[in-house]
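# Secondary and tertiary structure notes
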Amino acid sequence: MSAFANILAGGVFHAAVLFLVAAGLQLVFGVQKIVNLACGSFYALGAYFGITFINYTTQFGISPWLIFPGLIISGIMLGFIGPPIERILRSVYGRDESFQLLLTFALVLIFQDVFKFIWGANPRSLDSAYLVYGTLRAGDFSIPVYNLLVILAAIAIAGGLGLFLQRTNYGRLLRATAENRAMAEALGVDVRRIYSTVFTLGAVLGTIAGALVVPTAAASLDMAIEFVIEAFAVVVIGGLGSMRGALVGALIVGLIRALSIVFFPELEVLAIYLIVIGVLIFRPVGLFGRSFA
Amino acid sequence: MTINSATLTALIGTAALALLPLVLPPYYVGLMIPFFGYAIALLGFNLLFGYTGLLSFGHAMFLGLGAYGAAVMSGVFGVKSFELVLLAVMLGSAVIALPIAFLCARYVGIFFGMLTLAFGMLFYSFLFKFYHLTGGDSGMRVPRMNILGLTFERYNKIEFLAGPFYYYCLGLLVIAGLVMWRIVHSPFGLHLKTIRDNARKAEYLGVHVHRFRLAAFVISAAFGAVGGAILAFRVGLADPELVYWTQSGQLVFMGVLGGFSNFFGPIIGALTYTLLQDQLQSLTEYWRSMLGVILALIVIGFPEGIAGLAVDLRRRLARRSQ
Amino acid sequence: MSLLLEARNVSKSYGVFRALENVNMTVSENELVSVVGPNGAGKTTLVNLFTGLLSPTSGEVLFMGKSIAGVGPVVLADRGMARAFQLIQIFPKLTVAETIAAAVVSQQKKRWRLVSQLSSDLRISERVREVAEIFGLDHRLNTVAASLSQGEKKLLDVASAFALDPQVILFDEPTSGVSTSDKHAIMKTLIAAGKIAGVKGIVLVEHDMDLVAAYSSRIIALAGGRVLADLPPDRFFSDPHLIDTVIGKRKGH
């Protein structure tokens with residue numbers, strides 16, 4: 001029973017990370033209507049850089065207790081790549097979706113070699129310093145406190161994003177631009193700056209997710225490519241453009257993966273694709289998506 | 001493109017390809033075999049994309065079906081005739097494509113892309129998970145087969161690939177090209193183009209939009225299977241990596257590189273990509289990013305691809321000579 | 001005179017909203033029936049019912065005596081009903097000849113021919129030329145639709161509908177966006193083309209009352225989802241109350 005609970009907890013941890021990347025995807029799609037295949041690359045970038053950052057700071061004797069905030073900071077630091085990449089993507093706004101997909105695919109290819117160049121072809125990992133946070137135990141059930149912190153951080157970010165989008169003026173501006181760009185422009189909104197900001201925010205969510213994952217998993221070249229599929233599954237199940245969808249979709253995908261290891265080890269990853277296909281067939285807009293032409 | 005300029009292009013191209021083995025070292029000639037495979041697959045892909053307006057991000061799965069089909073037929077069932085294998089994988093691929101097409105062709109744009117991506121990865125996972133059937137990540141062996149009933153035992157693998165098999169594949173490409181040309185210029189092909197340009201209006205002109213998307217999908221699957229079988233034959237292996245989503249992305253890359261609005265675009269794209277990748281790989285280990293940069297440049301600046309540039313050039317030269 | 005198109009006690013609701021209530025109307029051979037009414041009166045819903053896009057909540061919609069509820073535009077095109085749109089719909093990358101040929105292919109039932117070549121099919125090319133000539137587009141056969149002028153695009157849109165050789169054509173505000181001086185010319189072309197093409201009945205949805213008065217055999221006024229009147233023009237325009245309801249002000253003021 002507790003083994004089951006442990007696996008579920010692992011699923012929730014995975015869901016937390018997935019949510020962050022999916023939220024980034026949803027933001028960018030909601031506002032700019034671009035599907036970003038390079039989301040996995042941001043994730044991997046966050047992971048690689050997170051390792052470098054932590055190794056660097058530990059050299060200076062920074063306490064291992066600061067790993068958690070340290071990783072988050074390293075993710076945020078990478079935000080500087082947002083604006084230039086958005087600038088590149090600007091050339092395909094409003095053009096056929098195929099070109100948008102292809103341009104982000106080109107970014108994936110370029111990023112792969114950037115990783116190879118800076119960090120080499122072998123996987124990198126952080127030593128188990130994160131265990132400094134200890135493990136929470138309740139009977140036979142145990143979960144590293146670090147994982148709990150990540151889950152809590154994801155929940156906090158989800159709440160923060162929600163509040164930001166619903167309650168603040170800037171959030172309202174974002175939603176207005178997402179709904180009707182022309183109208184927003186006519187009302188004097190600087191749409192270009194919003195696009196740049198949104199894209200950067202999306203990128204940072206991805207890099208933070210990657211950074212947070214490295215204590216538990218290695219950063220590898222495959223990471224960028226494999227993660228895209230899961231992130232897409234989340235977004236399809238939850239509904240393109242919906243934040244709530246990102247949350248629920250991430251939970252579903254994270255838990256399905258965990259559960260299928262227990263009950264249907266043959267299926268595992270297959271289960272996710274089957275659900276994606278099922279959703280696309282029976283409810284193409286996803287659980288929370290709004291239908292659009 | 002008029003029939004005459006197309007015929008000229010086709011003749012010149014075929015002649016050039018036929019003379020290649022006499023001019024180039026065997027290494028380059030062997031390199032051309034994948035080109036033939038991809039070119040045939042891309043002809044099918046472009047029927048779906050350039051002519052019907054559907055972008056599939058899972059097309060590599062049909063190459064995979066062709067490859068694994070060849071492995072099963074020749075490796076498991078001992079079929080010796082490559083022609084029989086080709087027919088079988090075309091049929092098998094078409095049959096499998098039918099239900100997938102039925103589900104996917106209801107959607108367009110990004111949803112179609114995502115659905116095909118999902119199906120492609122589903123097949124990939126299947127190949128991995130059921131490793132006792134498919135060999136998992138080691139793939140399945142594809143033994144050498146007879147072409148046109150001949151074994152060519154005297155030739156070793158390299159000579160075979162650079163000689164008889166090269167011309168065999170050239171022949172296959174010519175046939176595939178002829179068939180696709182006829183399809184594209186038939187009443188059926190015209191209806192496909194109306195679907196691409198304005199599906200709603202097409203319905204009002206009596207075009208069976210959903211059925212024809214299905215048909216285009218199935219035909220493209222058959223072409224893809226032939227390409228995959230050729231690829232697998234050359235390597236002697238059906239490899240699951242052939243089906244990974246980045247391979248589907250590569251197919252789209254080739255299509256756009258060559259130019260998807262032009263009949264010969266896919267072939268030009270396959271050729272250029274194959275040569276580019278080879279050259280870049282020998283230049284640097286960071287060839288992937290170079291290809292990425294090229295793709296980005298095309299998308300941003302030259303969306304009509306190489307064929308588009310060529311047509312543009314011809315037009316300018318024609319204007320200048322007036 | 002046989003009934004071409006018929007709506008029998010048709011009602012259509014979207015949830016609680018009743019778009020059409022007990023509508024009865026017919027179109028017979030050699031009739032040009034105009035459907036008029038203010039926006040929101042249910043004209044679009046009626047048109048969509050007639051073109052098979054919707055099914056009535058109650059009642060029947062019949063074409064040539066057979067129900068067409070929800071059959072869709074493709075089936076209707078095969079059965080002999082065509083529709084021309086208010087907003088111009090073209091195939092941007094196809095030539096005038098190809099656009100018309102697409103309809104001819106459907107009409108000649110050649111759509112599943114995968115290997116025969118269009119260019120060598122004389123029956124198709126002759127028919128394309130025929131239709132293009134009726135609309136004065138025969139000198140533009142090889143022009144790509146996107147490069148045509150607005151007027152030519154409109155003509156092409158209609159020409160492709162005619163190429164289906166339909167029994168009935170439904171025109172959805174065919175002269176909207178056209179300057180007043182051209183409106184009558186276009187209507188005359190459409191009606192003449194219809195006669196040449198063998199079209200037996202025309203349904204016209206229009207706002208311009210002058211056109212309606214000049215060309216209709218009968219006028220059907222819709223308001224609030226109901227049929228207010230179903231009268232020939234002379235009787236229709238002699239009822240000031242009717243005109244008020246339909247266009248909101250008296251004719252001639």
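So, a few notes on the structure that sits alongside this text. On a predicted model such as this, the values are computed, not experimentally measured, just so you know.

## Considerations on the overall build of chain A
A count of helices and strands for chain A gives 12 helices and 2 strands. When the helices and strands of chain A are read in sequence order from the N terminus, they spell out α-α-α-α-α-β-β-α-α-α-α-α-α-α. Here chain A has a C-alpha radius of gyration of 19 Å; the compact-globule value for 293 residues is 19 Å, and the two agree. Across its three principal axes, chain A shows a C-alpha extent of roughly 60 × 50 × 40 Å. Looking at chain A as a whole, 49% of its 293 residues qualify as buried. In chain A, once contacts between residues fewer than 6 apart in sequence are set aside, the share between residues at least 24 apart is 77%.

## What to know about the interface of chain C and chain B
Contacts between the two partners involve 29 residues from chain C and, on the opposite side, 20 residues from chain B. Partitioning the side of chain C that touches chain B into residue classes produces 16 nonpolar, 6 polar and 7 charged.

## Points about helix α2 (residues 39-59) of chain A
Note: α-helices contain 3.6 residues per turn, so residues at a spacing of three or four share the same orientation. All names here are of chain A. With 21 residues, α2 extends 30 Å between its outermost C-alpha atoms, agreeing within 8% with the 30 Å of an ideal straight helix rising 1.5 Å per residue. Most of α2 sits inside the fold, with 15 of its 21 residues counted as buried. G61 occupies a position one or two residues after α2 and carries a positive phi of about 75 degrees.

## Considerations on the packing of helix α5 (residues 97-119) of chain A against helix α13 (residues 287-301) of chain B
For the pair α5 of chain A and α13 of chain B, interaxial distance at closest approach is 7 Å and the crossing angle is 155 degrees. Taken as axis vectors, α5 of chain A and α13 of chain B run roughly antiparallel relative to one another. You can see that α5 of chain A and α13 of chain B cross each other, and the crossing is left-handed. Residue-level contacts link F99, L102, L103, F105, A106, L107, L109, I110, Q112, D113 and V114 of chain A of α5 of chain A to R288, S289, L291, G292, V293, L295, A296 and V299 of chain B of α13 of chain B. Partitioning the contact of α5 of chain A with α13 of chain B into residue classes produces 14 nonpolar, 3 polar and 2 charged.

## What about the interface of chain A and chain B?
Of the residues lining the interface, 32 residues belong to chain A; the matching set on chain B comes to 32 residues. Counting only elements with at least two residues in the side of chain A that touches chain B, the list comes to α5, α10 (221-238) and α12 (269-282) of chain A. Looking at the side of chain A that touches chain B element by element, the count peaks at 16 residues for α5 of chain A. Classifying every residue of the side of chain A that touches chain B gives 25 nonpolar, 3 polar and 4 charged.

## As for the sheet that holds strand β5 (residues 66-67) of chain C
Residues and elements named next belong to chain C. What the 4 strands build is an open sheet, ordered β2-β1-β4-β5; its pairing is antiparallel. A strand with exactly one partner marks an edge of an open sheet, and here the two such strands are β2 (17-28) and β5. Sheet analysis places strand β4 (residues 58-63) next to β5, joined by 2 bridges and oriented antiparallel. By the bridge assignment for β5, L62 is matched with S67.

## Quick word on the sheet that holds strand β6 (residues 81-84) of chain C
Residues and elements named next belong to chain C. Spatial ordering of the open sheet is given by β6-β7-β8-β3-β9-β10, a layout of 6 strands whose pairing is mixed. In this open sheet, the two strands that pair with only one neighbour each are β6 and β10 (226-231). Neighbour-to-neighbour, the strand axes of this sheet turn through a mean angle of 15 degrees, independent of strand direction. Note: β6 against strand β7 (residues 168-172), 4 bridges, orientation parallel.

## What to know about the pairing of strand β8 (residues 201-205) of chain C
All names here are of chain C. Taken across its 5 residues, β8 has 5 buried, putting it largely inside the fold. Taken together, the 5 bridges between β7 and β8 define a ladder with parallel strand orientation. Considered in β8, the bridge of D172 is made with V205. The parallel pair β7 and β8 is bridged by helix α6 (residues 180-197), and the resulting crossover is right-handed.

Parameters at a glance
Residues numbered from 1 in each chain as written. Chains lettered and ligands numbered in written order. Predicted model: local features only at pLDDT ≥ 70, side-chain atom pairs only at ≥ 80, totals over all residues. Helix = DSSP H or I, 4+ residues; strand = E, 2+ residues; numbered from the N terminus. Rg over C-alpha atoms; globule rule 2.2 N^0.38 Å. Buried ≥ 20, exposed ≤ 12 C-beta atoms within 10 Å, placed from the backbone. Contact = placed C-beta atoms within 7 Å. Nonpolar A, V, L, I, M, F, W, Y, C, P; charged D, E, K, R; others polar. Expected span 1.5 Å × (residues − 1). Axes fitted to C-alpha atoms, helices over the stretch in contact; angles between N-to-C directions. Parallel < 35°, antiparallel > 145°, perpendicular 65-115°, else oblique. Left-handed = near helix turned anticlockwise from the far one by under 90°. Pairing = 2+ DSSP bridges. Right-handed = clockwise from strand over helix to strand, strands pointing away.

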